[in-house]
Amino acid sequence: MSTLAIIAVVVIALAMWVYLKGKENSYIQKIPLDVRAQMEMLLQAPQENADLIWSLLREHYNIALFLPGLPGEEWWMVAAMVAIVTPFIIISALLVSRSISRQFTVLSAAVRKVRDGDFSIHLASAPRAPQELAELTDNFNDMGRRLAQYERELEESSVMLAHELRTPLNAAMGRLQAILDDVFPLEPDQLRKVHAQLEQINRLVGDLHLMSLARAGQLGLEIDHFSVRELLLERLEWATLRIAATGLVVHTRCDPALTLRADRDRVGQTVSILIENVLRYASDGGVLDITAYAEGDMACIVVADRGPGMDENHLSRAVDRFWRAEDSRSRHLGGSGLGLAIAAAICESHSGALACRNRSGGGLEIVLTLPA
């Protein structure tokens, strides 16, 4: 709209200049050639020849041209230009704002659907929409995606949470009851088994608490400056025995100069989760590839395998709480289904992201992206 207003002012100014210039030329054409030549010569030194210039002007020019203000016909010309330009401005404004108003209409309808509980709505940005409106559309789509994810998690997690807690709790209570009934002797070995079940419950509750804090933006981070390569080698060393037991061949590629400013322990926890994911679900592939590199002002850590991969329809759900794919990442292999959800929550708390994608040739890639 500001551009249209500026164009209108420029058009009116140019039109008035052309009109006045034409009017001036029409007067000049009526002056005899010898007088016109004399006038041009006198105008080369106007101060010295003021009296002669004024006498020629009085004789051959319309005196109204030199009076203060604009004559009536000039005002009529201004009014005519405004009358001509105004419809153009209105039509242009309507054409420019049409895409914006259409986008707001679509956005309003989408908001009503979200209000009614339909979180599957996805909006496309108008071709010529302003950047602010495009960002609003993207933020709305992201909000809908998150609400859909939370709704799925809410529907599924209550059942899954009850199952994940009840199984170790029932095992611990059953063993304790058996000890009380003298079915099992009161020995350290029996108590260790009860303790292991309680540890599993405690670990699950701790994971849920961590993820809740991260999603609420309240996860405490101890920011440090560290080498990504050293962190990867450290976490691989921690998993050496399990890697050797599964026979995985590990390939690591990382620039020694790549560093991060982040919570080292939390990022390390995320890397360990991704390594554990490969050990648990993709050890049959025989390969664990870990790559780290800089991409602009972001640092990327990619943990890849040659396992069964994941159905394309399941990739977007891989970071949902308690979700496990029934086909390629089978439930009988264990795990609570919180690993990738925790890793994603830690990434988001660092203003980063976690994404899953299938590899060409088979396998899964999990890409961890953090601000370097």
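The rules we used
Residues numbered from 1 in each chain as written. Predicted model: local features only at pLDDT ≥ 70, side-chain atom pairs only at ≥ 80, totals over all residues. Heavy atoms only, no water. Helix = DSSP H or I, 4+ residues; strand = E, 2+ residues; numbered from the N terminus. Buried < 20%, exposed > 50% of the residue type's maximum accessible area, 1.4 Å probe, protein only. Contact = heavy atoms within 4.5 Å. Areas by Shrake-Rupley, 256 points an atom, 1.4 Å probe, with all protein chains shown as cover. Expected span 1.5 Å × (residues − 1). 1 Å grid on protein atoms, 1.4 Å probe; cavity = no way out; pocket = protein on both sides within 12 Å on 5 of 7 lines; lining within 4 Å. Points joined across faces, edges and corners; volume = space filled by probe spheres on them. Nonpolar A, V, L, I, M, F, W, Y, C, P; charged D, E, K, R; others polar. Patch = residues over 30% accessible without salt bridge, like charges linked within 9 Å, V, L, I, M, F, W, Y side chains within 5 Å. Salt bridge = Lys/Arg side-chain N within 4 Å of Asp/Glu carboxyl O. Core = buried A, V, L, I, M, F, W, Y, C linked by side-chain atoms within 4.5 Å. pLDDT = per-residue confidence, 0-100. Polar contact = N/O pair within 3.5 Å; in protein donor to acceptor, adjacent residues only side chain to side chain.

1. Thoughts on the overall build of the protein
Here is step 1: Secondary structure summary: the protein contains 10 helices and 7 strands in total.
Here is step 2: A buried classification covers 37% of the 372 residues belonging to the protein.
Here is step 3: Long-range contacts, defined here as pairs at least 24 residues apart, represent 68% of the contacts in the protein between residues at least 6 apart.
Here is step 4: With the model as given, the accessible surface of the protein reaches about 22100 Å², and the carbon-plus-sulfur share is 59%.

2. Some remarks on helix α6 (residues 188-215)
Here is step 1: Here α6 contains 28 residues, and its C-alpha end-to-end distance of 40 Å stays within 8% of the 40 Å for a straight helix at 1.5 Å per residue.
Here is step 2: Immediately downstream of α6, the backbone of Gly217 shows phi near 75 degrees, a positive value.

3. A look at the layout of surface pockets
Here is step 1: Taken as a whole, the second largest pocket holds about 390 Å³ of empty space.
Here is step 2: If you go around the second largest pocket, you meet 20 residues; those closest to its centre are Arg145, Gln149, Ser316, Val319 and Glu348.
Here is step 3: For the lining of the second largest pocket, the secondary-structure elements that each account for two or more residues are α5 (131-180), α10 (339-349) and β6 (353-358).
Here is step 4: With 6 residues, the single largest contributor to the lining of the second largest pocket is α5.
Here is step 5: Residues belonging to the lining of the second largest pocket are distributed by class as follows: 11 nonpolar, 3 polar and 6 charged.

4. What to know about a nonpolar patch on the surface
Here is step 1: Among the surface-exposed residues, Ile6, Val10 and Leu14 lie close enough to one another that they form a single nonpolar patch of about 290 Å² accessible area.
Here is step 2: With respect to the helices and strands, the residue Leu14 is situated in helix α1 (residues 2-30).

5. A short note on the pattern of salt bridges
Here is step 1: On inspection of all chains with the given rule, the structure shows 12 salt bridges.
Here is step 2: A salt bridge links Arg115 to Asp116, with the nearest nitrogen and oxygen atoms 3.3 Å apart. By the burial criterion, Arg115 is exposed, and Asp116 matches it.
Here is step 3: Note that Arg146 and Glu348 form a salt bridge whose closest N and O atoms lie 3.8 Å from each other. With Arg146 in helix α5 and Glu348 in helix α10, the pair connects residues that are 202 residues apart, well separated along the chain.
Here is step 4: In this structure Arg146 comes out as partly exposed when scored by relative accessible area, which is 28%.
Here is step 5: Taken together, the shared-partner salt bridges connect Asp142, Arg145, Arg146 and Glu348 into one network.

6. Some details on the nonpolar core
Here is step 1: Core analysis: the biggest nonpolar cluster contains 51 residues, and Val228, Leu232, Ile275, Leu288, Leu354 and Cys356 have the highest contact counts within it.
Here is step 2: Here this core gets 8 residues from one element, more than from any other, and that element is α10.
Here is step 3: The contacts of Cys356, once residues within four sequence positions are left out, are Leu315, Ala318, Leu340, Leu364, Glu365 and Ile366.
Here is step 4: Ranked by size, the runner-up nonpolar core spans 8 residues in total, among them Leu107, Ala110, Phe119 and Ile121.

7. Observations regarding the confidence of the model for the protein
Low-confidence regions, as indicated by low pLDDT, have predicted coordinates that should not be scrutinised in detail.
Here is step 1: Confidence along the protein averages 82 in pLDDT terms, with 88% of residues attaining 70 or more.
Here is step 2: Per-element mean pLDDT across the protein ranges from 77 in helix α3 (residues 50-60) up to 95 in helix α7 (residues 228-238).
Here is step 3: For the stretch residues 326-333, pLDDT sits under 50, and the model shows 19 contacts to residues farther than four places along the chain or on other chains.

8. Some words on the side chain of Gln190
Here is step 1: Residue placement: Gln190 occurs in helix α6.
Here is step 2: Overall, the relative accessible area of 9% leaves Gln190 in the buried class.
Here is step 3: Beyond its immediate sequence surroundings of up to four residues, Gln190 is in contact with Arg175, Ile179, Phe184 and Pro185.

9. Some details on the environment of Val228
Here is step 1: Among the structural elements, Val228 can be located in helix α7.
Here is step 2: For Val228, a relative accessible area of 1% gives the class buried.
Here is step 3: The spacing of Val228 and Arg264 is 36 residues in sequence and 9.2 Å in space, taken between C-alpha atoms.
Here is step 4: Excluding anything up to four places from it in sequence, Val228 contacts Cys254, Leu258, Thr259, Leu260, Ala292 and Ile301.

10. Points about unusual backbone geometry
Here is step 1: Residue Asp182 is not a glycine yet carries a positive backbone phi of 65 degrees.
Here is step 2: If you check the backbone angles, Ser351 has positive phi at about 65 degrees while not being a glycine.
Here is step 3: Relative to the helices and strands, Ser351 is located in the loop between α10 and β6.
Here is step 4: Exposure remark for Ser351: the relative accessible area of 58% places this residue in the exposed category.

11. What about the side chain of Asp289?
Here is step 1: Among the secondary structure elements, Asp289 is positioned in strand β4 (residues 287-295).
Here is step 2: Overall, the relative accessible area of 8% leaves Asp289 in the buried class.
Here is step 3: There is a polar contact of 2.9 Å between the side chain of Asp289 and the side chain of His251.
Here is step 4: A polar side-chain atom of Asp289 sits 3.1 Å from a polar atom in the side chain of Arg359.
Here is step 5: For Asp289, the residues in contact, after removing those within four places along its chain, are His251, Val302, Val303, Ala304 and Arg359.

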